[in-house]
Amino acid sequence: MPVPFEAVIPMAIVGVLFAVTGTGYSAVSRLANEGKPLRHNLDEWERMMMRRDLRLTGTKRGQSREPMAPEAFATNSGWTAERI
């Protein structure tokens, strides 16, 4: 039994809306990650390196190729104060 032509238009609209939302989500997530794809299955080492990169460069995905850390890196420690 063939598909009635009345069902083609609503299904095309649904397909286009899925494509638009998927493309929009991908674009927003890449903009949030400086044009790089999302990271999956992060372990503690990778999270620690992301925190270090954030303190060094100001962005989670940015990396520095300078051999010496900036002066502010000595005082902006990753250790936080513990609440009592």
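Residues numbered from 1 in each chain as written. Predicted model: local features only at pLDDT ≥ 70, side-chain atom pairs only at ≥ 80, totals over all residues. Heavy atoms only, no water.

In the nomenclature of an unreviewed UniProt entry, the protein chain is known as NADH dehydrogenase [ubiquinone] 1 alpha subcomplex subunit 1 of Malassezia restricta. Of the protein chain, the UniProt comment under Sequence similarities (unreviewed entry) reads exactly: "Belongs to the complex I NDUFA1 subunit family." Annotation of the protein chain in UniProt includes, under Function (unreviewed entry), the sentence "Accessory subunit of the mitochondrial membrane respiratory chain NADH dehydrogenase (Complex I), that is believed not to be involved in catalysis. Complex I functions in the transfer of electrons from NADH to the respiratory chain. The immediate electron acceptor for the enzyme is believed to be ubiquinone." (UniProt positions renumbered as here; feature names shortened; annotations may be inferred.)

**Student:** What is the right way to look at the overall build of the protein chain in this model?
**Tutor:** Helix and strand content of the protein chain: 2 helices and 0 strands. Relative to its 84 residues, the protein chain shows a buried fraction of 7%. Looking at the protein chain alone, contacts between residues at least 24 apart form 23% of all its contacts between residues at least 6 apart. In the structure as shown, the protein chain presents an accessible area of about 7,800 Å², 65% of it carried by carbon and sulfur atoms. (Helix = DSSP H or I, 4+ residues; strand = E, 2+ residues; numbered from the N terminus. Buried < 20%, exposed > 50% of the residue type's maximum accessible area, 1.4 Å probe, protein only. Contact = heavy atoms within 4.5 Å. Areas by Shrake-Rupley, 256 points an atom, 1.4 Å probe, with all protein chains shown as cover.)

**Student:** Help me understand the pattern of salt bridges, please; the structure alone is not making it clear to me.
**Tutor:** Once the charged atoms of two side chains with opposite charge are near each other, the side chains can pair. This model, assessed by the stated rule, comprises 3 salt bridges. Residues Glu-44 and Arg-47 are paired through a salt bridge, measuring 3.9 Å at the closest nitrogen-oxygen approach. Taken together, the positions of Glu-44 and Arg-47, both in helix α2 (residues 44–57) and 3 residues apart, correspond to about one turn of that helix. (Salt bridge = Lys/Arg side-chain N within 4 Å of Asp/Glu carboxyl O.)

**Student:** Help me out: how do you make sense of the UniProt feature "transmembrane region" (unreviewed entry) in the protein chain in this one?
**Tutor:** According to UniProt, the positions carrying the feature "transmembrane region" (unreviewed entry) are residues 12–32. From the first C-alpha to the last, residues 12–32 spans 30 Å; its make-up is 100% helix and 0% strand.

**Student:** Explain a nonpolar patch on the surface to me, please; I cannot follow it from the model alone.
**Tutor:** Taken together, the side chains of Val-3, Phe-5 and Val-8 make up a nonpolar region of the molecular surface, amounting to roughly 350 Å² of accessible area. Structurally, Val-3 can be placed in the segment before α1 (8–32). Judged by its relative accessible area of 65%, Val-3 is exposed. (Patch = residues over 30% accessible without salt bridge, like charges linked within 9 Å, V, L, I, M, F, W, Y side chains within 5 Å.)

**Student:** I tried to follow the side chain of Asp-53 on my own but got confused; where do I start?
**Tutor:** Here Asp-53 shows up in helix α2. Asp-53 gets classed as buried once you look at its relative accessible area, which sits at 6%. In this view, Asp-53 contacts Gly-58, Thr-59, Lys-60, Gly-62 and Gln-63; residues no more than four positions away in its chain are not counted.

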